[in-house]
Number of protein chains: 2
Amino acid sequence: MASLADSIERYLKALLDQAREGMIEIRRVELAQEFECVPSQINYVLATRFTPEQGYVVESRRGGGGYIRILRLSWGSPPGLLQQICCSIGDEISQEDAEALLCRLGEIGAVSSRQEAMLRASLRMETSMLDPPWDGILRASLLKAMLMVLFEEY
Amino acid sequence: MASLADSIERYLKALLDQAREGMIEIRRVELAQEFECVPSQINYVLATRFTPEQGYVVESRRGGGGYIRILRLSWGSPPGLLQQICCSIGDEISQEDAEALLCRLGEIGAVSSRQEAMLRASLRMETSMLDPPWDGILRASLLKAMLMVLFEEY
DNA sequence: CTGATTTTGACCTTTCTTGACCTTCGCTGT
DNA sequence: ACAGCGAAGGTCAAGAAAGGTCAAAATCAG
């Protein structure tokens, strides 16, 4: 049973898939009514699943005629993809950011859900023994190494 | 007499046999109820019979709508090869042994020379900062993690 | 009998859901 | 102008709904 938050997330991402320009605009109350939940549930979904780390930007305006706008940041074309990713990983990365990145790779179909699960599990296992800042440093290079191997590129 | 843990193990593996993609998702409480046991029994089964060394990866999420997901690793050509390798790596491995292993994998064509080089380089980089015994422990899990990803099919 | 494995249960952490209360914005009447 | 009102959306904290941990107790195999 997927949670309500999951359903809303899927719904919004489906909308984004259809939308041109990777941007959608919604009314918080309306969406809440569709899912029969309190409006703040929408904020929860946005706060936990549409962060910049996950590749989204959310804008909103209050008052009459208010709205919530969600845009999906796009990664460039495949040739430079790995490079961009590695760049965004940097020398150090938190478990949360790493998982968000894997999530995005899954969403765009760059890795299968099985691969995603394995990468995530590996990252967690390998770095669980280390303390900051070593864990973040290790995670970064481990992730880059695994992605390089996966994509068979340099 | 098969123990409870054995029964749960068999049940889960039967589910995996039927499942597409070698992946299943369960609710810990539900499973516990089916077998009329405490939920933590499920964790025990997972911890003792579904480890990476035995060819499984387990992921889970807490909170409302939580779940436990189990993946069976199915690596290609020589069935069981990765499992054997993981076993032979153990909990700890020296840089020399690791490189020798990579070398062998290269010889039998399990990894390309590029991949071999990448793996070797990653191993060196990641563990150069640590002192024994941490470097060996880290190297072992690093190597297993990367090989898991590398041999992943689907 | 002894050591290893299994089973249980008390307690912990994470994630989700809800609701009360707050802030911002546009419009309208003075 | 501008004060007031209604219509958005925002915040936060409490409680519910999962799963996780750990170690003691029970059981099993040799």
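Our structure's up above, just so we're on the same page.
### Observations concerning the pairing of strand S1 (residues 23-26) of chain B
All names here are of chain B.
And step 1. Side-chain alternation along S1 places Ile24 and Ile26 on a buried face and Met23 and Glu25 on a face that remains uncovered.
And step 2. Pairing of S1 with strand S3 (residues 67-72) involves four bridges; the strand directions are antiparallel. Pairing of isoleucine 24 across the sheet is with isoleucine 70, part of S3.

### Quick notes on the sheet that holds strand S1 (residues 23-26) of chain A
Residue and element names in this part refer to chain A.
And step 1. An order of S1-S3-S2 is seen for the three strands of this open sheet, with the pairing classed as antiparallel. Here the strands that pair on one side only, and so sit at the sheet edges, are S1 and strand S2 (56-61). Averaged over all neighbouring strand pairs, the angle between strand axes comes to 15°, with direction disregarded.
And step 2. In this sheet, strand S3 (residues 67-72) lies alongside S2 in antiparallel orientation, the contact comprising six bridges. Opposite arginine 61, over in S3, you have tyrosine 67 as the bridge partner.

### What to know about the protein's contact with DNA strand D
And step 1. Around DNA strand D, 28 residues are found, and the nearest of them are A:Arg28, A:Asn43, A:Arg62, B:Asn43 and B:Arg62.
And step 2. In the environment of DNA strand D, a phosphate oxygen lies 2.8 Å from a nitrogen or oxygen atom belonging to the side chain of A:Ser60.
And step 3. B:Gly63 is positioned with one of its backbone polar atoms (N or O) 3.1 Å from a base nitrogen of DNA strand D.
And step 4. Secondary-structure elements contributing two or more residues to the surface near DNA strand D are helix H2 (28-34), helix H3 (39-49), S2 and S3 of chain A together with helix H2 (28-34), helix H3 (39-49), strand S2 (56-61) and S3 of chain B.
And step 5. Along the lines of polarity and charge, the residues of the surface near DNA strand D split into seven nonpolar, 13 polar and eight charged.

### Description of the packing of helix H4 (residues 81-89) of chain A against helix H7 (residues 134-151) of chain A
Residue and element names in this part refer to chain A.
And step 1. For the pair H4 and H7, interaxial distance at closest approach is 10 Å and the crossing angle is 170°. When the interaxial angle is binned, H4 and H7 end up roughly antiparallel. Here Leu82, Ile85, Cys86 and Ile89 of H4 lie close against H7, whose contacting residues are Ala140, Leu143, Lys144, Leu147, Met148 and Phe151.
And step 2. Across the contact of H4 with H7, the residue classes break down as nine nonpolar, no polar and one charged.

### As for the environment of A:Gly22
All names here are of chain A.
And step 1. Here glycine 22 is to be found in the loop between helix H1 (4-18) and S1.
And step 2. The exposure class of glycine 22 is buried, given its relative accessible area of 17%.
And step 3. For the pair glycine 22 and arginine 72, spaced 50 residues apart in sequence, the C-alpha separation works out to 5.4 Å.
And step 4. Excluding anything up to four places from it in sequence, glycine 22 contacts Leu16, Ile70, Leu71 and Arg72.

### Quick look at the interface of chain A and chain B
And step 1. Taken together, the contact between chain A and chain B spans 32 residues of the former and 35 residues of the latter.
And step 2. Where chain A abuts chain B, roughly 2,900 Å² becomes buried across the two surfaces, and 66% of that area is made up of carbon and sulfur atoms.
And step 3. Put simply, chain A and chain B have two salt bridges between them.
And step 4. The residue B:Glu59 makes a salt bridge to A:Arg120 at a minimum N-O spacing of 2.6 Å.
And step 5. One can count five residue pairs in polar contact (both at pLDDT 80 or more) joining chain A with chain B.
And step 6. Broken down by secondary-structure element, the contributors of at least two residues to the side of chain A that touches chain B are helix H6 (113-127) and H7 of chain A.
And step 7. For the side of chain A that touches chain B, the element with the most residues is H6(A), which contributes 12 residues.
And step 8. Counted by class, the side of chain A that touches chain B contains 18 nonpolar, six polar and eight charged residues.

The rules behind each value
- By convention here, each chain's residues receive numbers from 1 onward along its written sequence.
- Chains and ligands are labelled sequentially in the order written, the chains with letters from A and the ligands with numbers from 1.
- pLDDT decides what is reported in this predicted model: residues at 70 or higher carry local features, side-chain atom pairs at 80 or more are listed and counted, and totals for whole chains, interfaces and linings draw on all residues regardless.
- Values reported for side chains reflect all heavy atoms of the structure, with hydrogen atoms and water molecules removed beforehand.
- Residue burial is assigned from relative accessible area. The probe radius is 1.4 Å, only protein chains are included, and a residue is buried under 20% of its type maximum, exposed over 50%, and partly exposed in between.
- Numbering of helices and strands runs from the N terminus, with a helix taken as a DSSP run of H or I at least four residues long and a strand as a DSSP run of E at least two residues long.
- Any two strands with at least two DSSP-identified bridges between them are counted as paired.
- To obtain an axis, a line is fitted to C-alpha atoms, over the contacting stretch when the element is a helix, and the angle between two such axes runs from 0 to 180 degrees between their N-to-C directions.
- Proximity is defined per residue: any heavy atom of the residue falling within 4 Å of a molecule or strand makes that residue near it.
- Definition of a polar contact: a pair of N or O atoms within 3.5 Å, with one able to donate and the other able to accept a hydrogen when the atoms are protein atoms, and with sequence-neighbouring residues admitted only if both atoms are side-chain atoms.
- Three residue categories are used. Nonpolar comprises Ala, Val, Leu, Ile, Met, Phe, Trp, Tyr, Cys and Pro, charged comprises Asp, Glu, Lys and Arg, and polar comprises the others, including Gly.
- Oblique is the label for every angle not falling under 35 degrees (roughly parallel), over 145 degrees (roughly antiparallel), or within 65 to 115 degrees (roughly perpendicular).
- In this description, contact between two residues means that some pair of their heavy atoms is separated by no more than 4.5 Å.
- Summed over both partners, the accessible surface that disappears when two parts come together, traced with a 1.4 Å probe, is what is meant by buried area.
- A carboxyl oxygen of Asp or Glu within 4 Å of a side-chain nitrogen of Lys or Arg is what we treat as a salt bridge.

Geometric descriptors of this kind do not, in isolation, establish any biological role.
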